[in-house]
Amino acid sequence: MKAELAYRQVRDHLAALRLDTALSLLDNALEEARTEDLAPVEVLGKLLSAELAARHERRVETNLRFAGLPYRKRLEDFDFSAQPSIDASLVGRLATLHFLETGVNVLFLGPPGTGKTALAIGLAIKALEAGHRIFFITCHDFVARYRRAARMGREDRLLTTLLRPRLLILDEIGYTPLGRPEATFLFEVIAKRYDREKSVIVTSNKSWGAWGEIFPDQVMTAAILDRLLHRSVTINIQGESYRLREHRRAGIVPSLFDAPGKEVTEQKLTDPAN
C-alpha cells in the first residue's frame, strides 16, 4: 500500500515539475530496476539523464527553427579535397567552438561558389547542437530588414534580434555597397557584439583591402574592420567554384579560374592583447 502511494506521488510530482520524459519512462525504469537489481539512485540518474537529453533536443530544434539557415549541411559533409586551399585542421579546431568562449570572429573570404557559406553553416550547426542560439542573415536581407525596421521605427527591435544570439552569421558581404544608414547600423551591431564578446562569422567575396568599396568611406571601413579583426580567424579560399566546376565537367562552360592556390591565414584563437 505504501509503495502504491509513493508511486502515485512520484508520478504526480514528475507531472507537476513538467518532467514529461522522466514521467513517460518511469514504469520502464522501475521494471529495469527490479530485473537488474538497480539502486534507487541509479534509477533516478537514468530518468534525469533522459529528461536532460530530451530537453536539449527540444532546445536545439527550437533554436534551429529561428536560426534562419537557408539549408542544413554539416561540416562532416564538406568536401575539403575539392578546395585544397582550405586548412581542414583549422576548421576542425573551430568546430570545437572554443572561439565562441572568447568572442573570436571567423571570416571566410574568397570567390563565389568556393564553400564559404557551407563552412559557415557547418559551424553554425555545431553551435546549435551544443545548445547555442545562432542567427543567419545575408547582407541583402540585412539591408532589407533594416530599411523596413527604420520605416516602422523599430531599429531597436532589430538590433536586439542581432545581438541576442551567441553566434551571428553575416553572409555575402561585398556584393552590394551599403548606404550610410545601413553601414552605420551594421557598425553598431559589430561594435556591440565585440564589446559583449559575442562571435560573428562573416563570408565575403572581397579581400580586406577591397572593403572600402562596400562602405561609404574609409573611416567607417576601418572602424568595422578594427572590431572584426581584433579577435579573429581569417580563412582565405582560393579555388574554383563548385558550381562552375560541375558545369565545366558537363561541357557547359570553359574553365574560368586558374588552378587553386593555397593561402590560409590563421590568427590565434584568443585575444591577441592577452
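Up top is the structure.
Residues numbered from 1 in each chain as written. Predicted model: local features only at pLDDT ≥ 70, side-chain atom pairs only at ≥ 80, totals over all residues. Heavy atoms only, no water.

Asker: Even after reading the chapter, I still don't get the nonpolar core, so can you show me in this structure?
Answerer: Nonpolar side chains tend toward joint burial in soluble globular proteins. Of all hydrophobic cores here, the largest spans 32 residues; its most connected members are Leu 69 and Ile 134. For this core, the elements supplying multiple residues, two or more each, are helix H4 (88-94), helix H5 (98-101), strand S1 (105-109), helix H6 (116-129), strand S2 (134-138), strand S3 (167-173) and strand S5 (232-236). If one sorts the elements of this core by residue count, H6 sits on top with 9 residues. In this structure Leu 69 touches Leu 64, Ile 121, Ala 124, Ile 125, Leu 128, Ile 134 and Phe 136, once residues within four positions along its chain are discounted. Core analysis: the second largest hydrophobic core is formed by 30 residues, Leu 107, Phe 142, Leu 158 and Leu 178 among them. (Core = buried A, V, L, I, M, F, W, Y, C linked by side-chain atoms within 4.5 Å. Buried < 20%, exposed > 50% of the residue type's maximum accessible area, 1.4 Å probe, protein only. Helix = DSSP H or I, 4+ residues; strand = E, 2+ residues; numbered from the N terminus. Contact = heavy atoms within 4.5 Å.)

Asker: Would you take a moment to explain the pattern of salt bridges for this structure?
Answerer: Oppositely charged side chains can form a pair if their charged atoms are brought close together. All chains considered together, the criterion is met by 12 salt bridges. The salt bridge involving Glu 213 is made with Lys 206; its shortest N-O contact spans 3.0 Å. Since its relative accessible area comes to 51%, Glu 213 is described here as exposed. One network of salt bridges, with partners in common, ties together Arg 74, Glu 76, Lys 126 and Glu 129. (Salt bridge = Lys/Arg side-chain N within 4 Å of Asp/Glu carboxyl O.)

Asker: Before we go on, may I ask you to explain the packing of helix H7 (residues 139-151) against helix H8 (residues 155-163) in this structure?
Answerer: For any two helices packed against each other, the geometry comes down to the angle between their axes and how far apart the axes lie. Contact geometry for H7 and H8: axes closest at 8 Å, N-to-C directions at 145°. Taken together, the residues of H8 that come into contact with H7 (itself represented by Phe 142, Arg 145, Tyr 146, Ala 149 and Ala 150) are Glu 155, Leu 158, Thr 161 and Leu 162. When the residues that make up the contact of H7 with H8 are grouped by side-chain class, the tally is 6 nonpolar, 1 polar and 2 charged. (Axes fitted to C-alpha atoms, helices over the stretch in contact; angles between N-to-C directions. Nonpolar A, V, L, I, M, F, W, Y, C, P; charged D, E, K, R; others polar.)

Asker: Mind showing me how you'd approach the environment of Thr 160 here?
Answerer: Secondary-structure assignment places Thr 160 in helix H8. Classification of Thr 160 as partly exposed rests on a relative accessible area of 38%. Distance from Thr 160 to Val 189, taken between C-alpha atoms, is 9.2 Å for residues 29 residues apart in sequence.

Asker: Explain the side chain of Thr 117 here, please?
Answerer: Within the fold, Thr 117 resides in helix H6. Among the residues examined, Thr 117 registers a relative accessible area of 18% and is labelled buried.

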